[in-house]
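A look at the structure
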Amino acid sequence: GQNIDQPTEMTATEGAIVQINCTYQTSGFNGLFWYQQHAGEAPTFLSYNVLDGLEEKGRFSSFLSRSKGYSYLLLKELQMKDSASYLCAVRDGDYKLSFGAGTTVTVRA
Amino acid sequence: IAGITQAPTSQILAAGRRMTLRCTQDMRHNAMYWYRQDLGLGLRLIHYSNTAGTTGKGEVPDGYSVSRANTDDFPLTLASAVPSQTSVYFCASSLGQGATDTQYFGPGTRLTVL
């Protein structure tokens, strides 16, 4: 089976930076996705990494190291609306997506 | 409006009853998926379909069945519901199932089995 680990909860202050780590062990690797999910809503796509390195999209950046089985999502200039769960998902060798349990980020004023 | 719709939004069901959750997408995506989301466990794949006419089993398929008669619709059926099937069910779709194909999710169905 697949093993994807991420912290359960994180708290940060408005305007700060938060880094959400994700480690994985999967059968094959065909990319890593980050999704955002507000309470009671559907997950929405944030970012995708398939090669090592940093992908930047506005206030959000995602990093991947395939040799270490490691990724992180960096949220900069935190806003109250960033309070949500962040899901790390890995596409395995069969092209199936396996999800971590999610990290709930709480942004405080 | 392009996207994925699911019905019903929520449902309370007696154990032993049959229930079909509906999912429709209008993005002409080839691949569709059903997940369940439970607290502390994350999203788990129930069944998937890579293209109309084909289906496959995911991580937790027992007690569920699917069909894919056309591109747009991908219903999920619980033949005889049990309380452990209480969950939030998300349907998703992607253009294909390649490495770069992003999955897009419907709004979800909250199901309670008593």
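See the structure printed just above.
Notes on the structure in this doc start here. Since the model is a prediction, treat every value here as computed from it, not as a measurement.

1. As for unusual backbone geometry
Backbone geometry follows two general trends: most residues other than glycine have a negative phi, and most peptide bonds adopt the trans configuration. Backbone torsion omega between B:Ala7 and B:Pro8 reads -5°, so that peptide bond is classified as cis. In this fold, B:Pro8 is placed in the loop between strand 1 (4–7) and strand 2 (10–13). One non-glycine residue, A:Glu77, lies in positive phi territory at about 50°. As for its position among the elements, A:Glu77 is in the loop between strand 8 (70–75) and strand 9 (84–91). Unlike most non-glycine residues, A:Tyr95 shows phi in positive territory, near 70°. Tracing the sequence through the fold places A:Tyr95 in the loop between strand 9 and strand 10 (97–99). Residue class for A:Tyr95 comes out partly exposed when judged on its relative accessible area of 34%.

2. Let's talk about the packing of aromatic side chains
Across all of its chains, the model carries 16 aromatic pairs over all chains by this definition. Pairwise contacts between aromatic rings join A:Phe33, A:Tyr35, A:Phe45, A:Tyr48, A:Phe99, B:Tyr33, B:Tyr35, B:Phe90 and B:Phe105 into one cluster. A cation sits over an aromatic face here: A:Lys96 above B:Tyr48, 4.0 Å from the ring centre.

3. Observations regarding the side chain of A:Gln37
Counting through the fold element by element, A:Gln37 comes out in strand 4 (residues 32–37). Looking at A:Gln37, its side chain comes within polar contact range of the main-chain oxygen of A:Glu41, at 2.9 Å. Every residue in contact with A:Gln37, bar those within four places of it in the chain, is listed here: A:Ala42, A:Pro43, A:Ala84, A:Ser85, A:Leu87, B:Gln37 and B:Phe90.

4. Looking at the nonpolar core
Counting 20 residues, the largest nonpolar core has A:Ile20, A:Leu32, A:Trp34, A:Leu73, A:Leu75 and A:Tyr86 as the members making the most contacts within it. Taken together, the elements giving at least two residues each to this core come down to strand 3 (18–25), strand 4, strand 7 (60–65), strand 8, strand 9 and strand 11 (103–108) of chain A.

Conventions we followed
Residues numbered from 1 in each chain as written. Chains lettered and ligands numbered in written order. Predicted model: local features only at pLDDT ≥ 70, side-chain atom pairs only at ≥ 80, totals over all residues. Heavy atoms only, no water. Helix = DSSP H or I, 4+ residues; strand = E, 2+ residues; numbered from the N terminus. Buried < 20%, exposed > 50% of the residue type's maximum accessible area, 1.4 Å probe, protein only. Phe/Tyr/Trp six-rings, centres within 6.5 Å; stacked < 30°, edge-to-face > 60°. Lys NZ or Arg CZ within 6 Å of the ring centre and 35° of its normal. Polar contact = N/O pair within 3.5 Å; in protein donor to acceptor, adjacent residues only side chain to side chain. Contact = heavy atoms within 4.5 Å. Core = buried A, V, L, I, M, F, W, Y, C linked by side-chain atoms within 4.5 Å.

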